[in-house]
Amino acid sequence: MAFIYADVIVDISHEKLDKTFEYRIPENLLGKVEVGSSVIIPFGKGDRKLKGYCVALKEKCDFDPARIKDICSLTEKGVSIEDKMIELAGWIKRNYGGTMISALKTVLPAKTSVKQLEHKTVVRAMENEALISLLGECERKHQTSKAKVLRELLERDFIPREFLTGKLGISPQSILSLEKAGALKVLESKSLRNPVKVKEKTGQRKILSKAQKLIVDTVTDEYRRGIRNTYLIHGITGSGKTEVYMNIIEDMVLQGKQAIFLIPEIALTYQTLIRFYDRFGDRVSVMNSTLSPGEKYDQCMRAKNGDIDVIIGPRSALFVPFKNLGIIVVDEEHEGSYKSESTPKYNARETAEEVAKINNASLILGSATPSVDSFYKAEKGLIKKFELNERLTGGSLPTVYTVDMREELKAGNRSIFSEILSDLMLERLNRNEQIILFLNRRGYAGFISCRSCGKVVKCPHCDVSMTEHLNGKIVCHYCGYEERKPSKCPQCGSGFIGGFKAGTEQIEMKVREMFPGVRTLRMDGDTTKTKDSYEKILSAFSNGEADVLIGTQMIVKGHDFPNVTLVGVIAADMSLGSGDYMSSERTFQLLTQAVGRAGRGEKPGEAVIQTYQPDHYAVICSATGDYRGFYNEEIAYRDLMDYPPTGHMLAVCVFGKNEAECVKFTGTLAKTLKVDYNCTFGEFKIIGPVAARVSKINDVYRYVFYVKSKDREVLVDVKDHLEKYVNDTGNFGNMVQYDFDPVNSF
Ligand code: ADP
Ligand code: ZN
Ligand code: ZN
């Protein structure tokens, strides 16, 4: 049967995108109308000709066929912003699965009836001296947020109001009260179109280093010559990447183009924002998760109307509809948070490539520890790579000690801390310098390892760590292979085999026990539940309110702490046991970042990496700062096992309330691939099905199987086939989700 009906959406600015209308595809357009096509349709009583977008094709119609109207025509491939967004949504649907509607909801800002935001700028209204004395008064009275605003005003003459109330968390009352005191005025942004021009901050301009200049010149030059490329900047923290981005963006803005600057929310520091505000004034805006849908919509309208040139934000900032997008920058491109956790599970780094293509823009990826994926593309010559090797801020890379915890055990030390780490901590505390203790719990899934010889029990088929289950078994979360949990190490026979149980709380207790009177701060999932607790803990530590900061991976990103001269990594190998193919890559990145936290200021730093696997390349190479060495080992492993980027994986996850049916349906899906398509698709391999790592959430069971192929397009076909099968047969109350190249195992 052919698809002769189409669901058409008429008004994409409508809040309820799901409102679609059925149309018949006339003979002359059969096979030409696709999901995402823009079409002209007769609408309403008078058959007014309207433009609409096809969001689904159907063999049968739901309404009375006699009353269904024909589509009039297809429109030319569009150039309007709306057409581009629809094209993008179509691409997302095809490449990540899900419905066109859910893809549209991802790329289009929801129009809500929220009152439009007013964009206001806070302008200084007092001379320096008066401001300083008012600041002193506020500090005496412990009016910290007012003091914060005043300190900002001493630095710059204007600040976007949303920046104060958003990122700095200043209450409107504080601003009002300072206005009453005559310290500042709040103005409509419009009356101050481009504050940068009002008062040029010439002192802020850096003379670019040779290496920086080469990047800026190459990118801007190629752009002018009509060449669109993807570039990778591999440069350690502090090597001047942000300065490079800003110069390139500035050049774009001068040409009347706009820029999207993507940065993981956790890495979007106050210092970075200030640098952008200082350079681009109120032509730059921030989009972050604290904005309401109405505010997000408003940001998009400002972009569309040409009121801003630069948007900064996490993942979703990618969908801000600029008219003349010139460049997209993806900073910290290796970050896992660029992968969406909800359907469609798009990867913002990959999607940025598509957005750049649709808009004829260039793309820059930047990182101190590039993703294996991007580095691989650079090696293959698909993207152009630059390196920045010098730290421009001064401060040297820390001295790193790798401690073999197996030896500590042999020597009778059963504490969480090695001898050298305890000694160095005491030394710092005596010198009033600060310490960060990083508990590497990322991806922690209860893996099993030996504390005597370091052996990690791995799946013989998938070469990833096995995970401990409550029923006394250990399981592979890719293929489902299981074994009894060993009571003795299979390699050395030691009884010290098991999971690593210590949490941040225990570490904090231990530190307090060892060093009475020490001031500690803890940062983990528990202490950062409220909206601004993350910022609060970091700024307290930065103000010297504690000697030791203990935390999970959150503490290794962003913020600089000049007084931190020692970083201790507890159990570096924990993230090596996360049970998926990315575990070494993540470990290398986390360890590199953690080590880099020490010695950011004048004083030299030291770092201690405690591990049971001192010979693992992710540990060795992060200690020596050898990215290339790490990459070579890692790509060999990926290639051998057909893991991304040399091969691809599709996770098919089935959710259902009835466990037996959920299991059965997962099996049926896997079987239809084997039966129907093994010969007609390209080559692929099915692994599983298996219960997901978290096999039940809120009474909903989760089962999963993986499809592996060298060719990503084959997996797209597999997904299309499964989507069609699910649609045709009904899904018995189970829900199916797709995840391409999953960054975490299900
Ligand atoms: P990254 O983004 O790689 O961490 P940044 O661009 O933030 O690096 O630069 C690190 C520090 O060096 C910043 O304080 C920045 O102002 C300074 N910096 C960058 N480029 C130069 C330069 N060409 N000359 C002097 N200082 C620079
Ligand atoms: Zn052992
Ligand atoms: Zn396995």
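Placed above this text is the structure.
Figured I'd write up the structure that's included with this text. (Residues numbered from 1 in each chain as written. Chains lettered and ligands numbered in written order. Predicted model: local features only at pLDDT ≥ 70, side-chain atom pairs only at ≥ 80, totals over all residues. Heavy atoms only, no water.)

## Quick notes on the pattern of salt bridges
For side chains of opposite charge, pairing can occur when their charged atoms come near one another. Just so we agree on the cut-off: When a carboxyl oxygen of Asp or Glu lies within 4 Å of a side-chain nitrogen of Lys or Arg, that pair is called a salt bridge. Runs of E in the DSSP output that reach at least two residues are strands. Runs of H or I that reach at least four are helices, and both are numbered from the N terminus. Three labels apply to residues, based on accessible area from a 1.4 Å probe with only protein chains included: buried if under 20% of the type maximum, exposed if over 50%, partly exposed otherwise in between.
Evaluation of the coordinates by the stated rule reveals 49 salt bridges. Note that glutamate 22 is salt-bridged to lysine 58, the shortest N-O span being 2.5 Å. Here the residue glutamate 22 occupies a position in strand β2 (residues 20-24), and lysine 58 occupies one in strand β4 (residues 48-58), the gap between them amounting to 36 residues. The burial state of glutamate 22 is the same as that of lysine 58; both residues are buried. In this structure, glutamate 82 engages lysine 304 in a salt bridge whose closest nitrogen and oxygen atoms are separated by 2.7 Å. With a gap of 222 residues between them, glutamate 82 in helix α1 (residues 81-96) and lysine 304 in helix α11 (residues 293-304) connect regions that are remote in the sequence.

## As for the environment of arginine 205
Residue placement: arginine 205 occurs in the loop between α7 (195-198) and α8 (210-224). Here arginine 205 falls in the partly exposed class, since its relative accessible area comes to 35%. A C-alpha to C-alpha distance of 63 Å links arginine 205 and asparagine 658, two positions 453 residues apart in sequence.

## What about the coordination of the zinc ion (ligand 2)?
Applicable threshold: For Na, K and Ca the donor cutoff is 3.2 Å, while for all other metals N, O and S atoms must lie within 2.8 Å; water is not among the atoms, so some sites may look incomplete. A site with four donors is called tetrahedral when every donor-metal-donor angle falls between 85 and 135 degrees; four donors are called square planar, and six octahedral, when opposite donors sit more than 155 degrees apart and all other angles fall between 65 and 115; any other arrangement is irregular.
At the metal site, the zinc ion (ligand 2) is ligated by Cys450 (SG), Cys453 (SG), Cys489 (SG) and Cys492 (SG), and these contacts range over 2.2 to 2.4 Å. Given four donor atoms and angles of 107 to 114° at the metal, the environment of the zinc ion (ligand 2) is assigned as tetrahedral. The sequence pattern describing where the donors of the zinc ion (ligand 2) fall on their chain is C-x2-C-x35-C-x2-C. Judged by relative accessible area, cysteine 492 falls into the partly exposed class, the value being 40%.

## A short note on the pairing of strand β9 (residues 230-235)
Threshold: Here, any two strands with at least 2 DSSP bridges between them count as paired.
β9 sits mainly inside the fold: six of its six residues count as buried. Residues Thr230, Leu232 and His234 point to one face of β9 and Tyr231, Ile233 and Gly235 to the other, with burial holding for every one of them. Pairing geometry for β9 and strand β14 (residues 362-367), over five bridges, is parallel. Opposite threonine 230, over in β14, you have leucine 363 as the bridge partner. Note: β9 against strand β15 (residues 384-388), five bridges, orientation parallel. What sits directly across from histidine 234, in β15, is glutamate 387.

## Considering the environment of phenylalanine 438
The condition that has to hold: In what follows, a contact means two residues having at least one pair of non-hydrogen atoms within 4.5 Å.
Mapped onto the fold, phenylalanine 438 is located in strand β17 (residues 434-439). Taking the C-alpha atoms as reference, phenylalanine 438 lies 6.1 Å from glycine 568; in sequence the two are 130 residues apart. Leaving out residues up to four positions away in the same chain, phenylalanine 438 has contacts with Gly551, Thr552, Gln553, Ile555, Val556, Gly568, Val569, Ile570, Leu590 and Ala594.

So yeah, pure geometry; function would need other evidence.
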